[in-house]
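Coordinate analysis (summary)
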Amino acid sequence: MHPAFLYLPGDRLTIPELSAARLDGHVVELGEGYIPADLVEDASTRAASIADLVPADTAASGPTAAWIHGAGDAPPARHHVRRAVLRRIRAMSTARVALHDTSLGPTDVLVIGGVTVMTPVRTMVDLALSVHRDESLRRWVLLLAQTDPRLVAEAISALDTMGRVPGKRAGRGTLDRLPLTTM
């Protein structure tokens, strides 16, 4: 997606101008911005729409990464990011963004729309591992599985190769119960 098609409030158009364009049906809301109503929404468009919320040296993770990969039709109310570098960082945390201070390896991330994002399989694994702490993540697991049913089998394989990890048994159970499992 060309950056000219993403309208962020206050950038080229003011919030009242964007609101009027939305009411007229010219643009639709996407993440933190607006896109033309006839533009196809894809992963790069979703990622670019929240680029300002993802601090340097971090990657979109959890529900945010799932949404970028096509899960659901609306972004999560609170975005999640994780460290994408080995060294510690001092990222500013806001009420809109939850920073998880565990590092991701280079094979666990990719760049989409100029934003570093966890891979779909790693996203599925992390969501499944966290379901025992936050039941609302089960919804994101299901939505992400609907984007590509192969993700479930790949996530189960990735879980099986892990050592002792908190939530592994509950995560495996969550993935095993999904109706879209294709092994």
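No experiment lies behind these values; they were computed from the predicted model shown.

Criteria and cut-off values
- Residues numbered from 1 in each chain as written.
- Predicted model: local features only at pLDDT ≥ 70, side-chain atom pairs only at ≥ 80, totals over all residues.
- Heavy atoms only, no water.
- Core = buried A, V, L, I, M, F, W, Y, C linked by side-chain atoms within 4.5 Å.
- Buried < 20%, exposed > 50% of the residue type's maximum accessible area, 1.4 Å probe, protein only.
- Helix = DSSP H or I, 4+ residues; strand = E, 2+ residues; numbered from the N terminus.
- Axes fitted to C-alpha atoms, helices over the stretch in contact; angles between N-to-C directions.
- Parallel < 35°, antiparallel > 145°, perpendicular 65-115°, else oblique.
- Left-handed = near helix turned anticlockwise from the far one by under 90°.
- Contact = heavy atoms within 4.5 Å.
- Nonpolar A, V, L, I, M, F, W, Y, C, P; charged D, E, K, R; others polar.
- Phe/Tyr/Trp six-rings, centres within 6.5 Å; stacked < 30°, edge-to-face > 60°.
- Lys NZ or Arg CZ within 6 Å of the ring centre and 35° of its normal.
- Salt bridge = Lys/Arg side-chain N within 4 Å of Asp/Glu carboxyl O.
- Pairing = 2+ DSSP bridges.

Attention now moves to the nonpolar core. I68, M124, W140 and L175 are the most contacted members of the largest nonpolar core, which has 42 residues in total. Elements with a contribution of two residues or more to this core: α2 (43-49), β3 (58-61), α3 (62-68), β7 (115-118), α4 (120-130), α5 (137-147) and α6 (150-161).

Let us look at the packing of α4 against α5. Packed helix pairs are characterised by how far apart their axes lie and by the angle those axes make with each other. Contact geometry for α4 and α5: axes closest at 9 Å, N-to-C directions at 150°. What the angle tells us is that α4 and α5 run roughly antiparallel. When the axes of α4 and α5 are compared, the crossing they make is left-handed. Contact residues: P120, T123, M124, L127, A128 and S130 in α4; L137, W140, V141, L144 and A145 in α5. Looking at the contact of α4 with α5 residue by residue, the class counts come to nine nonpolar, two polar and no charged.

Interaxial distance between α4 and helix α7 (residues 168-176) falls to 7 Å at its minimum, and their mutual angle equals 115°. With respect to their mutual orientation, α4 and α7 come out roughly perpendicular. Crossing angle aside, the handedness with which α4 passes α7 is right-handed. Residues M124, A128 and L129 of α4 form the contact with α7, whose own contacting residues are K168, G171 and L175.

So, about the environment of T64. Considering the arrangement of structural elements, one finds T64 in helix α3. Note on T64: relative accessible area 1%, which makes it buried. Taking the C-alpha atoms as reference points, T64 and R90, 26 residues apart in sequence, are found 20 Å from one another.

What follows covers the packing of aromatic side chains. Scanning the entire structure with this criterion turns up zero aromatic pairs. Above the face of the W140 ring, R139 is positioned so that its terminal group lies 4.8 Å from the ring centre.

The next subject is the pattern of salt bridges. One pass over the full model with this rule turns up 13 salt bridges. Taking the shortest distance from any N to any O, the salt bridge between R150 and D148 comes out at 3.0 Å. Given the relative accessible area of 54%, R150 is considered exposed. Through salt bridges with shared partners, a single ionic network connects R82, D108, R122 and D126.

Let us look at the pairing of β3. Here β3 shows no split at all, with T58 and A60 on one side and A59 and S61 on the other all buried. The pairing of β3 with strand β4 (residues 79-83) spans four bridges and is classified as antiparallel. Across the sheet, A59 pairs through a bridge with R82, a residue of β4.

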